[in-house]
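Examination of the molecular architecture
These are the residues of each chain, in order.
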Amino acid sequence: MKKIILVGYMGSGKSTIGKVLSENVGIPFYDLDEIIEKHENMSVKKIFERKGEVYFRKLEHLLLNAFIDENEHFVLALGGGTPCYANNHEVLKREDILSFYLKTSVEILSERLKLEKEARPLIANFNDEQLTDYINKHLFDRNYYYFQSKHTIDCALKNKEEIILDIKALLA
Ligand code: S3P
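Described below are features of the structure shown in this document. Remember, predicted model here, so these are calculated numbers, not experimental data. (Residues numbered from 1 in each chain as written. Predicted model: local features only at pLDDT ≥ 70, side-chain atom pairs only at ≥ 80, totals over all residues. Heavy atoms only, no water.)

1. A look at the site of the ligand
For the ligand, the set of nearby residues contains 13 residues, the closest of which are Lys14, Asp33, Arg57, Arg120 and Arg142. Here an oxygen atom of the ligand sits 3.2 Å away from a polar atom, N or O, in the main chain of Gly81. Considering the ligand on its own, with 390 Å² of exposed area, one finds that the protein chains cover 94% of that surface. Its residues assigned to classes, the shell around the ligand shows five nonpolar, three polar and five charged. (Near = heavy atom within 4 Å. Polar contact = N/O pair within 3.5 Å; in protein donor to acceptor, adjacent residues only side chain to side chain. Areas by Shrake-Rupley, 256 points an atom, 1.4 Å probe, with all protein chains shown as cover. Nonpolar A, V, L, I, M, F, W, Y, C, P; charged D, E, K, R; others polar.)

Shown next as structure tokens:
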């Protein structure tokens, strides 16, 4: 049984790393945002707009717990906010879960998210300067939850292959 969970801020590479890791270790990849979108038949952005963030957070909590209990082998990328609501961070410490925080710098997150903020309701309306300020503060608040992960991978100076190697070394 291998239940691997990837945690990190929006743009930290959870899905990208998760997919490659999943191929490397032969365990299927899932993305919690996609699980939520399939359940609602609606994009995350639309769920925020039409039903509100509280609805999204409740659903995120329910679907996260159901998924973990119903599946034996997985690499699961959480949403950036998942560990920060509804005591979801407790999941990261569970005995049957291997959790990894993909930690990276505000500068890198800012550069990436400038280019891909449209689909992300929390940051879609910020200009570049507002975005950097927001990430700076938000990451500071969220780090407490992210650091509840069993392992922290410092990704700022590493390429994809190095990050995967670091994670694999901790899976043995
Ligand atoms: C969120 C991150 C998003 C998605 C939603 C809220 C957050 O996931 O769950 O837009 O609160 O940070 P990604 O981290 O995959 O972008």
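2. Looking at helix 3 (residues 44-51)
All of the buried residues along helix 3 are Val44, Ile47 and Phe48. Along the long axis of helix 3, the arc covered by the buried residues comes to 100°, so they all point the same way. Those residues of helix 3 that are exposed and aimed more than 90 degrees away from the buried face are Glu49 and Arg50. Along its buried surface, helix 3 packs onto helix 2 (32-40) and helix 4 (53-70). Phi turns positive one or two residues past the end of helix 3, at Gly52, with a value near 95°. (Buried < 20%, exposed > 50% of the residue type's maximum accessible area, 1.4 Å probe, protein only. Helix = DSSP H or I, 4+ residues; strand = E, 2+ residues; numbered from the N terminus. Arc of directions from axis to C-beta. Contact = heavy atoms within 4.5 Å.)

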